[in-house]
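Next come the chains, spelled out residue by residue.
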Amino acid sequence: MHKLFSTLTAIVLLCAFSITAFAAPTEEEIKVGFFLMPGYNELSEDGSYSGYSFDYLQEISKYTGWKYQFIYCSWPQCLEMLRKGEIDIAGPALYSDERGKTYAFPDLSCGTSYIKVTARADNAAYTYGDYSEINGSTAGMLNGSNVINKFNEFCAENKISAKVKLYDDAALLQAALQNREVDICVTSSIRKLQDEKILATFAPEPLYFMTSKGN
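Attention here is on the structure that accompanies the text. (Residues numbered from 1 in each chain as written. Predicted model: local features only at pLDDT ≥ 70, side-chain atom pairs only at ≥ 80, totals over all residues. Heavy atoms only, no water.)

**A short note on the overall build of the protein chain**
Scanning the protein chain from terminus to terminus reveals six helices and 11 strands. Within the protein chain, the fraction of its 215 residues that count as buried is 47%. Of the roughly 10,800 Å² of accessible surface on the protein chain, a fraction of 51% belongs to carbon and sulfur atoms. (Helix = DSSP H or I, 4+ residues; strand = E, 2+ residues; numbered from the N terminus. Buried < 20%, exposed > 50% of the residue type's maximum accessible area, 1.4 Å probe, protein only. Areas by Shrake-Rupley, 256 points an atom, 1.4 Å probe, with all protein chains shown as cover.)

Below you can see the structure in the form of structure tokens.
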């Protein structure tokens, strides 16, 4: 049953990539921007890639014949390289009208995520659901992430504010939280927690792999 489910899932996922935005000759190598996200995009010491998005693309390749070149870069670098056409695919990413002006998105998503606010597991100053405790805190986020706008909306709705500090990758962000450079982290739910507790979750949205316009 599991094998049948995986096969059917792969067929459905193929449909997401069948639009013109992701059409490519099977003999060509597809360049994929690969940013680190613990539990989702990972790079081992021997240089091998793994994680959900890596496995997702491998399933797609069984039907498209695509060969990949994974290019390690930060998320801001992914966005810039994709805009310039230096890579073909980047993701997963949340859709926004602003991104839609620059990048092309498939019809179907590659999953769903929500935004989560976390604090150090041993930080007694914060409890789940008490948004007033977030007011005045320093919030760490990933540079170039659409989470920033969503968090600003969340703060406005709950009449709170927070100082924002940006980091280029998830490892730096997690280290900043553990080193008390920031009080809280605001990230997508795809990031694996590390000695953290969840304070709030909101804004569930689909995730996509995207490409540059006209690719």
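**Focus: the nonpolar core**
The biggest cluster of nonpolar side chains holds 41 residues, and the ones touching the most others in it are Val32, Met37, Leu57, Tyr68, Phe70, Trp75 and Met210. Of all elements in the fold, only strand 1 (29–34), helix 2 (52–64), strand 4 (67–72), helix 3 (75–84), strand 5 (90–94), helix 6 (170–178) and strand 11 (196–212) reach the threshold of two or more residues within this core. At five residues, the largest contribution of residues to this core is made by helix 3. Among residues more than four places away in sequence, those in contact with Trp75 are Phe35, Ala90, Gly91, Pro92, Ala93, Arg99, Asn143, Gly144, Ser145, Asp168 and Met210. (Core = buried A, V, L, I, M, F, W, Y, C linked by side-chain atoms within 4.5 Å. Contact = heavy atoms within 4.5 Å.)

**Thoughts on the pattern of salt bridges**
Per the stated rule, a full pass over the model turns up seven salt bridges. In this structure, Glu42 and Lys192 form a salt bridge, with 3.9 Å as the shortest nitrogen-oxygen distance. Taken together, the positions of Glu42 in strand 2 (residues 42–43) and Lys192 in the loop between strand 10 (184–188) and strand 11 put the pair 150 residues apart, joining distant regions of the chain. Since its relative accessible area comes to 28%, Glu42 is described here as partly exposed. The class of Lys192 is partly exposed, set by a relative accessible area of 49%. Here the residues in one salt-bridge network are Glu80, Arg83 and Lys84, joined through shared partners. (Salt bridge = Lys/Arg side-chain N within 4 Å of Asp/Glu carboxyl O.)

**Description of helix 5 (residues 147–157)**
The complete set of buried residues in helix 5 reads Val147, Ile148, Phe151, Phe154 and Cys155. One side of helix 5 carries all its buried residues, which in axial view fall inside an arc of 120 degrees. Along helix 5, the residues that are exposed and aim more than 90 degrees away from the buried face are Ala156 and Glu157. Structurally, helix 5 contributes buried residues whose contacts are with strand 7 (111–120), strand 8 (137–142), strand 9 (162–167), strand 10 and strand 11. Lys159 sits one or two positions beyond helix 5 and adopts a positive phi of about 55 degrees. (Arc of directions from axis to C-beta.)

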